[in-house]
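Each chain, written out:
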Amino acid sequence: MGNGQGMEEQMGTFQPQEIKRLYKRFQFLDKDGSGQLEPSELFDVPELSQNPLVKRVFQIFDKDNDGKISFAEFITGLSSLYGNDEEEKLKFMFKIYDIDQDGFITNGELFKVLQMMVGNNLTDVQLQQLVDRTIIKADEDFDSKISFAEFKKMVKDLDVASKLQMQGV
């Protein structure tokens, strides 16, 4: 169960009326009324079920790794996507790729996430070639992995802040 640590600081990101709206959305998603979101409750939402990265987002929101998202985890996760703080959005985006949460994106992690995104549109060989080229291009210190600093440089022209904008809270 989420312990609420850090929730107070994340609440500051949202106005009280936004928190009330988010709680209502949370309750709507919480079909079984358990007070926590299970994966199936999120994956059944039509807008989310088509997103190949929804499972990774769920894992990032689930800070205590109990397989469920408490309201505190929900608020904390959403706060990374709210507003125009590009650094926070970049950190969130980096976490999508950093599956083992060691602070680096490895060749294997990049392969897994891109495979989720492209599905069957590329063969494994084509996908591996893309991953290899991306690692080579981004890896400035030649350690065969991408640090957060290298990731930031790699995506600097993509205008992440506007693309990861949370709308209509």
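Parameters at a glance
Residues numbered from 1 in each chain as written. Predicted model: local features only at pLDDT ≥ 70, side-chain atom pairs only at ≥ 80, totals over all residues. Heavy atoms only, no water. Phe/Tyr/Trp six-rings, centres within 6.5 Å; stacked < 30°, edge-to-face > 60°. Helix = DSSP H or I, 4+ residues; strand = E, 2+ residues; numbered from the N terminus. Buried < 20%, exposed > 50% of the residue type's maximum accessible area, 1.4 Å probe, protein only. UniProt positions renumbered as here; feature names shortened; annotations may be inferred. pLDDT = per-residue confidence, 0-100. Contact = heavy atoms within 4.5 Å. Core = buried A, V, L, I, M, F, W, Y, C linked by side-chain atoms within 4.5 Å. Domains from an automatic or database assignment. Salt bridge = Lys/Arg side-chain N within 4 Å of Asp/Glu carboxyl O.

### A short note on the packing of aromatic side chains
Each aromatic ring pair is specified by the distance between its two centres and by the angle formed by the two planes.
Argument step 1. Tallied over the entire structure, the rule returns 10 aromatic pairs.
Argument step 2. Aromatic pair Tyr-23 and Phe-26: ring centres 6.4 Å apart, planes at 15°, arrangement stacked. Here Tyr-23 and its partner Phe-26 are both found in helix H2 (residues 16–29), 3 residues apart, which amounts to about one turn of the helix.
Argument step 3. Since its relative accessible area comes to 38%, Tyr-23 is described here as partly exposed.
Argument step 4. Overall, Phe-26 belongs to the buried group, its relative accessible area being 2%.

### Notes on unusual backbone geometry
Argument step 1. In this structure, Asn-65 takes a positive phi of about 55° despite not being glycine.
Argument step 2. Counting through the fold element by element, Asn-65 comes out in the loop between helix H5 (54–61) and strand E2 (69–70).
Argument step 3. The exposure class of Asn-65 is exposed, given its relative accessible area of 58%.
Argument step 4. Here the phi dihedral of Gln-101 falls at roughly 55°; this positive angle occurs in a residue that is not glycine.
Argument step 5. Structurally, Gln-101 is set in the loop between helix H7 (86–97) and strand E3 (104–106).
Argument step 6. Taking relative accessible area as the criterion, Gln-101 reaches 58% and is therefore assigned exposed.

### Some details on the UniProt feature "domain: EF-hand" (unreviewed entry) in the protein
Argument step 1. UniProt records the feature "domain: EF-hand" (unreviewed entry) at residues 49–84, 85–120 and 126–161, using the numbering of this structure.
Argument step 2. Along residues 85–120 the backbone is 67% helical and 8% strand, and the end-to-end C-alpha distance reaches 34 Å.

### Focus: the confidence of the model for the protein
Argument step 1. The predicted model of the protein averages 86 in pLDDT, with 85% of residues at 70 or higher.
Argument step 2. Below a pLDDT of 50 lies the segment residues 1–9, which in the model reaches 13 contacts outside its immediate sequence neighbourhood of four places, other chains included.

### Looking at the environment of Ile-60
Argument step 1. Within the secondary structure, Ile-60 is located in helix H5.
Argument step 2. Judged by its relative accessible area of 9%, Ile-60 falls in the buried class.
Argument step 3. Residues Ile-60 and Lys-95, 35 residues apart in the sequence, show an inter-C-alpha distance of 7.0 Å.
Argument step 4. Beyond its immediate chain neighbours, meaning those up to four positions away, Ile-60 contacts Phe-92, Lys-95 and Ile-96.

### Some thoughts on the nonpolar core
Argument step 1. The biggest cluster of nonpolar side chains holds 36 residues, and the ones touching the most others in it are Phe-74, Tyr-97 and Phe-151.
Argument step 2. Element by element, the count of residues in this core is highest for H7, at 6 residues.
Argument step 3. Residue assignment places this core across two domains, with domain 1 (11–82) and domain 2 (93–165) each supplying three or more.
Argument step 4. Leaving out residues up to four positions away in the same chain, Tyr-97 has contacts with Ile-105, Glu-109, Leu-110, Val-113, Leu-114, Met-117 and Phe-151.

### Digging into the pattern of salt bridges
Argument step 1. With the rule as written, the count across this model stands at 3 salt bridges.
Argument step 2. Close ionic contact of Glu-88 with Lys-91 constitutes a salt bridge, the shortest N to O distance being 3.8 Å. You can see Glu-88 and its partner Lys-91 sitting in helix H7, 3 residues apart, about one turn around the helix.
Argument step 3. For Glu-88, a relative accessible area of 29% gives the class partly exposed.

### Digging into the side chain of Ser-147
Argument step 1. Summarising the element assignment, Ser-147 is placed in strand E4 (residues 145–147).
Argument step 2. Residue Ser-147 is classed as buried on the basis of its relative accessible area of 15%.
Argument step 3. Excluding residues within four positions of it along the chain, Ser-147 makes contact with Phe-94, Gly-103 and Phe-104.

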